Amino acid sequence: MAASCRAVVARAGFSLPDVTGVLLVGGASRLPAARAVLRAELGRRCGTRPSRSTP
């Protein structure tokens, strides 16, 4: 997953420090693992605040 994260960001023409937010969508059983990988890759905490991401 970490390699996929880096590849998607690079294909979009950005680098990881350019990423200011991530919207995690999916099953509750996988979100903790995805959050941990993103935290390691981005070097900062990835919170989940559904009320801030949906109208």
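Rules used throughout
Residues numbered from 1 in each chain as written. Predicted model: local features only at pLDDT ≥ 70, side-chain atom pairs only at ≥ 80, totals over all residues. Heavy atoms only, no water. Helix = DSSP H or I, 4+ residues; strand = E, 2+ residues; numbered from the N terminus. Buried < 20%, exposed > 50% of the residue type's maximum accessible area, 1.4 Å probe, protein only. Contact = heavy atoms within 4.5 Å. pLDDT = per-residue confidence, 0-100. Salt bridge = Lys/Arg side-chain N within 4 Å of Asp/Glu carboxyl O. Core = buried A, V, L, I, M, F, W, Y, C linked by side-chain atoms within 4.5 Å. Expected span 1.5 Å × (residues − 1). Arc of directions from axis to C-beta.

1. So, the overall build of the protein
Next, step 1: Tallying secondary structure elements over the protein gives 3 helices and 0 strands in all.
Next, step 2: Order of helices (α) and strands (β) in the protein, N terminus to C terminus: α-α-α.
Next, step 3: Relative to its full complement of 55 residues, the protein shows a buried share of 18%.
Next, step 4: Across the protein, every contact between residues at least 6 apart in sequence was considered, and the portion connecting residues at least 24 apart equals 43%.

2. Observations regarding the confidence of the model for the protein
Next, step 1: The share of residues in the protein with pLDDT of 70 or more is 82%, and the mean pLDDT across the chain is 79.
Next, step 2: Mean pLDDT across the elements of the protein bottoms out in helix 3 (residues 50–53) (58) and peaks in helix 1 (residues 2–11) (88).

3. Some thoughts on the pattern of salt bridges
Next, step 1: In the structure shown here, the tally under the stated rule is 1 salt bridge.
Next, step 2: Notably, a salt bridge pairs Glu 41 with Arg 6, separated by 2.8 Å at the nearest N-O pair. In this pair, Glu 41 sits in helix 2 (residues 31–42) while Arg 6 sits in helix 1, placing the two residues 35 residues apart along the sequence.

4. Some words on the nonpolar core
Next, step 1: Of all hydrophobic cores here, the largest spans 8 residues; its members are Cys 5, Val 9, Leu 16, Val 19, Leu 24, Leu 31, Leu 38 and Leu 42.
Next, step 2: Ranked by residues supplied to this core, first place goes to helix 2 with 3 residues.
Next, step 3: When near neighbours in sequence (up to four residues on either side) are disregarded, Leu 42 contacts Leu 16, Val 19 and Val 22.

5. Looking at helix 2
Next, step 1: Its 12 residues place the ends of helix 2 16 Å apart at the C-alpha level, agreeing with the 16 Å of an ideal helix rising 1.5 Å per residue.
Next, step 2: Taken as a whole, helix 2 has its buried residues at Leu 31, Ala 34, Leu 38 and Leu 42. The buried residues of helix 2 all sit within an arc of 65° when viewed along its axis, so they share a single face.
Next, step 3: Gly 43 sits one or two positions beyond helix 2 and adopts a positive phi of about 75°.

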